[in-house]
Amino acid sequence: MCSPVSDGAAAVVVTRADFTRDESALAVLSSVLLSGTDRAADDAGRHIGRRAALAAYEKAGIGPQDVDVAEVHDATAFGEIQQVENLGFCPIGDGGPWSASGAGALGGTVPVNPSGGLESRGHPVSATGLAQVFELVTQLRGRAGERQVPDARIAIAENGGGLYGIEEAVAAVTILGRNR
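Described below are features of the structure shown in this document.

How each quantity is defined
- Residues numbered from 1 in each chain as written.
- Predicted model: local features only at pLDDT ≥ 70, side-chain atom pairs only at ≥ 80, totals over all residues.
- Heavy atoms only, no water.
- Helix = DSSP H or I, 4+ residues; strand = E, 2+ residues; numbered from the N terminus.
- Rg over C-alpha atoms; globule rule 2.2 N^0.38 Å.
- Pairing = 2+ DSSP bridges.
- Axes fitted to C-alpha atoms, helices over the stretch in contact; angles between N-to-C directions.
- Contact = heavy atoms within 4.5 Å.
- Core = buried A, V, L, I, M, F, W, Y, C linked by side-chain atoms within 4.5 Å.
- Buried < 20%, exposed > 50% of the residue type's maximum accessible area, 1.4 Å probe, protein only.
- Expected span 1.5 Å × (residues − 1).
- 1 Å grid on protein atoms, 1.4 Å probe; cavity = no way out; pocket = protein on both sides within 12 Å on 5 of 7 lines; lining within 4 Å.
- Points joined across faces, edges and corners; volume = space filled by probe spheres on them.
- Nonpolar A, V, L, I, M, F, W, Y, C, P; charged D, E, K, R; others polar.

Along the chain, the regular secondary structure elements total 5 helices and 4 strands. Written out in order from the N terminus, the α and β elements of the chain read β-α-β-α-α-α-α-β-β. What you see for the chain is a C-alpha radius of gyration of 15 Å, in line with the 16 Å of a compact globule of 180 residues. Overall, the C-alpha framework of the chain stretches about 50 × 35 × 30 Å when taken along its three principal axes.

And the structure:
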């Protein structure tokens, strides 16, 4: 239940809103990058992914209830379970039952990894985060075909890497929104 390391590439064009005439341009509502910390193993509330998510929600002026679709770092099967908790889609400790209920599937409360995630497409280590952003841009533009989340307006990407103590060394959470 681990993603295969793979090759890949991704690119994103970022510009000021007043610089583009592209009707399909999206807004970066927030983007947060944090470093891991020393914390007690049982202090899941201070997990780097949770801290990054809370900071990103605050900067964007939204909460988990506003998210329509998510892409999370699932290099292992447990990753998705842990990150739905960190992103606040369910209480800490309820990620397994939440996922098993179908809440993260297409048609569920918050579809998670409609791309199939890293376990499905592979893990092009340096390009993983931008691959997530690409999927979410595709979703927000309504161009995802059979995996489309209907009327997706707000999307969140969570990506982590490295190891520091008992958690990732770095975590990035980015929130994108469809221009209104």
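Read from one edge of the open sheet, 4 strands run β1-β4-β3-β2, paired in mixed fashion. Pairing within the sheet leaves two strands with one partner each, and these edge strands are β1 (26–35) and β2 (69–72). This sheet shows a mean twist of 10 degrees between the axes of neighbouring strands, independent of strand direction. Across 9 bridges, the pairing between β1 and strand β4 (residues 170–178) is antiparallel. Its bridge partner being in β4, S35 is matched across the sheet by V170. Along the sheet face, helix α1 (residues 48–60) touches β1, β3 (154–161) and β4 and points at about 145 degrees away from the line of β1.

Next up on the list: the nonpolar core. Residues Y57, F89, W98, I156 and I175 are the most contacted members of the largest nonpolar core, which totals 24 residues. Of all the secondary structure elements, the ones that give two or more residues to this core are α1, β2, β3 and β4. Ignoring anything within four residues of it in the chain, the contact list for I175 reads A27, V28, L29, S30, A56, Y57, A60, I62, I154, A155 and I156. Counting residues in each nonpolar core, the second largest holds 10 residues, with V133, L136, V137 and A155 among its members.

Quick look at unusual backbone geometry now. Residues other than glycine seldom take positive phi values, yet N113 does so here, at roughly 55 degrees. Note on placement: N113 falls in the loop between α3 (95–100) and α4 (117–121). The buried category is assigned to N113, whose relative accessible area is 7%. Even without a glycine there, the phi angle at D151 is positive, about 50 degrees. The class for D151 is exposed, based on a relative accessible area of 54%.

Take α1 next. End to end, α1 covers 18 Å across 13 residues, agreeing with the expected 18 Å (1.5 Å per residue, within 8%). Following α1 by one or two positions, G61 adopts a phi angle in the positive range, close to 75 degrees.

This brings us to the layout of surface pockets. Where empty space is left can be seen by rolling a probe of water-molecule size over the atoms. The space that makes up the largest pocket amounts to roughly 630 Å³. As for the largest pocket, its lining consists of 21 residues, and the residues nearest its centre are V12, V13, V14, L26 and R141. Here the lining of the largest pocket takes 4 residues from helix α5 (residues 128–140), the largest share from any one element. In the lining of the largest pocket, the residues fall into 14 nonpolar, 4 polar and 3 charged. Taken as a whole, the second largest pocket holds about 210 Å³ of empty space. Those elements that place two or more of their residues in the lining of the second largest pocket are α2 (77–86) and β3. Looking at the lining of the second largest pocket element by element, the count peaks at 4 residues for α2.

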